[in-house]
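One-letter residues, chain by chain:
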Amino acid sequence: MTREDKNQKMVEYLADCDTLSSGPLFFNYAEESNESNHIVTVADDKALQKPYVDGSVLKQYTFQIICYRPLSNNPLVNEPGFMDENIENMAEVQKVLDWIEEQNDDRNFPSFGDECVPDRIYCMTDDPNLYAIDTEADPPLAKYSVVIRFEYLDK
């Protein structure tokens with residue numbers, strides 16, 4: 001399977017995540033707009049160790065999810081019913097990590113074809129990373145990122 005095919009399969013797989021499919025989903029393109037989501041490849045589809053006796057190799061496919069969410073400059077206060085929009089948005093992006101963990105637990109993996117046996121998919125961190133803040137955008141935007149790794153045996 002070519003790298004392009006793997007990219008297409010990963011996009012199809014991630015499109016099942018409600019958080020990512022709730023807004024525009026882009027591949028290797030940055031549309032810095034409210035509620036947009038991006039899949040960005042990381043060039044490290046490489047062997048993790050020497051080949052096994054049968055010639056198969058454990059490989060990894062790593063990618064980054066970037067989510068743009070509106071940014072609030074409201075101070076946190078102790079009023080009944082008050083909820084900070086920034087906390088809500090980070091919790092929404094956290095759902096991507098939770099979804100990936102659930103997929104791994106259920107052994108629901110992207111299919112890279114018969115020659116690739118999935119091993120695991122996991123997030124490289126426990127929480128989304130606040131990657132950047134753009135106060136010039138209208139509305140102001142927070143850029144969250146999550147790095148995800150998929151490991152598979154390539155026969």
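Above this note sits the structure.
Residues numbered from 1 in each chain as written. Predicted model: local features only at pLDDT ≥ 70, side-chain atom pairs only at ≥ 80, totals over all residues. Heavy atoms only, no water.

Undergrad: Explain the pattern of salt bridges here, please?
TA: Side-chain pairs of opposite charge can arise whenever the charged atoms involved come near each other. Throughout the structure, instances matching the rule amount to four salt bridges. A salt bridge links Lys95 to Glu92, with the shortest nitrogen-to-oxygen separation between them at 3.2 Å. Of the two residues, Lys95 and Glu92 both sit in helix 3 (residues 85-105), three residues apart, roughly one turn of that helix. A residue is classified by how much of its surface remains accessible, and Lys95, at 45% relative accessible area, is partly exposed. Glu92 gets classed as partly exposed once you look at its relative accessible area, which sits at 23%. Residue Arg120 is joined to Glu151 by a salt bridge in which the shortest nitrogen-to-oxygen separation is 3.1 Å. Here the residue Arg120 occupies a position in strand 4 (residues 116-123), and Glu151 occupies one in strand 6 (residues 141-154), the gap between them amounting to 31 residues. On the basis of relative accessible area, Glu151 is assigned to the buried category, the value being 7%. (Salt bridge = Lys/Arg side-chain N within 4 Å of Asp/Glu carboxyl O. Helix = DSSP H or I, 4+ residues; strand = E, 2+ residues; numbered from the N terminus. Buried < 20%, exposed > 50% of the residue type's maximum accessible area, 1.4 Å probe, protein only.)

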